[in-house]
Amino acid sequence: MTAVPTTDLVSIDVTGSAAGVLLTVSGEVDSSTAPRLREVVDAAFADRVPALTVDLDGVTFLDSAGLCVLAGAHRRAAEGGVLLRVVASSRAVIRPLQITGLYDLLAVEPGAGAGAA
């Protein structure tokens, strides 16, 4: 697992294998941290991964900047034939995804904390 240099607000762990890349995101994804998430997502696509999983179970806040990163990841995955999975279980993440319609578009899967939502 690789820990990506992060801020006090967000941490992103990257785990890669032949099957794809797992991004485990914890903390707040907002206008100050979303650019870092975008860099990590871009790096995964640049490596031509077959699958990318973005685990947002540890995210406590998600705003429009984070939603934009996820929407862009969906577009790039569709264009590149990459399987994109988004995992989330907290209301802080699920609600903004539902309001914007991204919840259904991304086919968000429940995470380990699904019972706590």
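These notes cover the structure that comes with them. Sequence order as written defines residue numbering, which begins from 1 separately in each chain. A pLDDT threshold of at least 70 governs which residues receive local features in this predicted model, and a stricter bar of 80 or more applies before side-chain atom pairs are shown or counted, although totals over entire chains, interfaces and linings include all residues. The basis for the side-chain values is all heavy atoms of the structure; hydrogens and waters are excluded.

## Structural notes on the nonpolar core
- Ranked by size, the top nonpolar core spans 34 residues in total, and within it Val25, Leu52, Leu56 and Leu97 carry the most contacts.
- Secondary structure is summarised from DSSP: a helix means a run of H or I of at least four residues, a strand means a run of E of at least two, and numbering begins at the N terminus for each. By residue number, the principal contributor to this core is helix H1 (residues 34–46), which donates six residues.
- Between two residues, a contact is recorded if the distance between any of their heavy atoms is within 4.5 Å. In contact with Leu52, not counting residues within four places along its chain, are Val21, Leu23, Val41, Ala44, Phe45, Val82, Leu83, Leu84 and Arg85. Here, nonpolar core refers to any group of buried Ala, Val, Leu, Ile, Met, Phe, Trp, Tyr and Cys residues whose side-chain atoms link them within 4.5 Å. The buried label goes to any residue with under 20% of its type's maximum accessible area, the exposed label to any with over 50%, and the partly exposed label to all in between, with areas taken from a 1.4 Å probe on protein chains only.

## A few points about the side chain of Asp30
- Looking at where Asp30 falls in the secondary structure, it is placed in the loop between strand E3 (20–29) and H1.
- Buried charged residue Asp30 carries no salt bridge. Nearest counter-charge: Arg38, at 12 Å.
- Polar contacts, as counted here, are pairs of nitrogen or oxygen atoms within 3.5 Å of one another; within protein the pair requires one atom able to donate a hydrogen and one able to accept it, and residues that are adjacent in sequence qualify only if both atoms are side-chain atoms. Engagement of the side chain of Asp30 in a polar contact is seen with the side chain of Ser32, the distance being 2.8 Å.
- In contact with Asp30, other than residues within four places in its own chain, are Leu9, Pro35, Phe61, Asp63 and Ala65. When charges are counted, neither His nor the chain ends are considered; positive counts come from Lys and Arg and negative counts from Asp and Glu. What makes a salt bridge here is a side-chain nitrogen of Lys or Arg within 4 Å of a carboxyl oxygen of Asp or Glu, nothing more.

## Focus on the pairing of strand E2 (residues 10–17)
- Pairing between two strands is assigned when DSSP locates at least 2 bridges connecting them. Two strands pair when backbone bridges link them, and E2 and E3 are joined in this way by eight bridges, in the antiparallel orientation. Following the sheet pairing, Val10 is matched in E3 by Gly27.
- From the end of E2 to the start of E3, which pair antiparallel, there are two residues.

So yeah, pure geometry; function would need other evidence.
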